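# Report on the structure
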Amino acid sequence: MIRRFGEIPDTSRKYIRRPGVYALLPRDGQLLVTCQTDPYPDVQLPGGGIDPGESPIPALHREVMEETGWTIGTPRRLGAFRRFAYMPEYDLWAEKLCHIYIARPARQMGPPTEALHKAMWITPDLAMDILGNAGDRHFANLLANALT
């Protein structure tokens, strides 16, 4: 069974399952995250949906590049969680199946290519306070504990 974080699903609502990949990207005591500025500022682990026909690792590389402008190396899967949320950019209610990886930020190629995203370096301790969902905070906490 995959652990659920966040809101309890509303049984009267239809949710679309959305598999996605997200990365913890530690470097020199900091964590690379992204801030999506619209519809409101939301600090997130870089990542997103796995496109139809796409495998998780290529999706992770693509999503991290789009949201941070960085390439990554040596991704390793840490776990998964699910959460039920409204996705305003798609106007749908989703059961997000979030696969979490840890990877090495390798090289900054430029700014994020996805509109309304800003890459930020923060401490893992701060990440536990400001990441926008409880599942991301849980995995940031695991990372912070492993680094101490």
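Residues numbered from 1 in each chain as written. Predicted model: local features only at pLDDT ≥ 70, side-chain atom pairs only at ≥ 80, totals over all residues. Heavy atoms only, no water.

## Here we look at the nonpolar core
Across soluble globular proteins, nonpolar side chains show a tendency to be buried alongside one another. One finds L24, I100 and L131 to be the most contacted residues of the largest nonpolar core, which totals 18 residues. Of all the secondary structure elements, the ones that give two or more residues to this core are strand 1 (16–24), strand 3 (30–36), strand 7 (92–108) and helix 3 (134–147). Among the nonpolar cores identified, the runner-up in size contains 12 residues, and A23, L32, V64 and Y101 belong to it. (Core = buried A, V, L, I, M, F, W, Y, C linked by side-chain atoms within 4.5 Å. Buried < 20%, exposed > 50% of the residue type's maximum accessible area, 1.4 Å probe, protein only. Helix = DSSP H or I, 4+ residues; strand = E, 2+ residues; numbered from the N terminus.)

## Some details on the sheet that holds strand 7
Within the open sheet, the 4 strands sit side by side as 5-1-7-6. Their pairing is mixed. Two strands lie at the open edges of the sheet, namely strand 5 (47–49) and strand 6 (70–87), each paired on one side alone. Averaged over all pairs of adjacent strands, the angle between their axes in this sheet comes to 20°, without regard to strand direction. As judged from the 15 bridges shared by strand 6 and strand 7, these two strands associate in the antiparallel manner. Bridging from a neighbouring strand, T71 pairs with R107 of strand 7. Sheet strands touched by helix 1 (residues 56–68): strand 1, strand 5, strand 6 and strand 7. Its angle to strand 6, the strand with the most contacts, is close to 85°. Helix 3 rests against strand 1, strand 6 and strand 7 of the sheet, and its axis sits at about 145° to strand 6. (Pairing = 2+ DSSP bridges. Axes fitted to C-alpha atoms, helices over the stretch in contact; angles between N-to-C directions. Contact = heavy atoms within 4.5 Å.)

## Focus: the layout of surface pockets
Roughly 900 Å³ of internal volume is contained in the largest pocket. Along the wall of the largest pocket there are 40 residues; nearest its centre are Q36, Q44, M87, E89 and K96. (1 Å grid on protein atoms, 1.4 Å probe; cavity = no way out; pocket = protein on both sides within 12 Å on 5 of 7 lines; lining within 4 Å. Points joined across faces, edges and corners; volume = space filled by probe spheres on them.)

## Some points on the side chain of E63
Mapped onto the secondary structure, E63 falls in helix 1. Relative accessible area serves as the criterion here: at 7%, E63 is assigned to the buried category. What E63 contacts, discounting residues up to four positions off in sequence, is G47, G48, G49 and E114.

## A word on the packing of aromatic side chains
All told, the structure shown has 6 aromatic pairs when counted by the stated rule. Judged by centre distance (6.2 Å) and plane angle (85°), the ring pair of Y15 and W93 falls under edge-to-face. A residue pair is termed long-range when its members are at least 10 positions apart, and Y15 in the segment before strand 1 and W93 in strand 7 qualify at 78 residues. On the accessibility criterion, Y15 (19% relative accessible area) is buried. On the basis of relative accessible area, W93 is assigned to the partly exposed category, the value being 31%. Both rings, one in Y86 and one in W93, keep their centres 5.1 Å apart while their planes meet at 50°; by these two values the pair is tilted. Here the guanidinium or amino end of R13 rests over the ring plane of W93, the centre of that ring lying 3.7 Å away. A cation sits over an aromatic face here: R18 above Y90, 4.6 Å from the ring centre. (Phe/Tyr/Trp six-rings, centres within 6.5 Å; stacked < 30°, edge-to-face > 60°. Lys NZ or Arg CZ within 6 Å of the ring centre and 35° of its normal.)

## Examining unusual backbone geometry
Leaving glycine aside, a negative phi is the common case for residues, and trans is the common case for peptide bonds. Its identity as a non-glycine residue notwithstanding, D28 has a phi of 50°, on the positive side. Within the element layout of this structure, D28 appears in the loop between strand 2 (26–27) and strand 3. Of note, D91 is a non-glycine position whose phi angle comes to about 50°, a positive value. When its relative accessible area of 57% is taken as the criterion, D91 is described as exposed.

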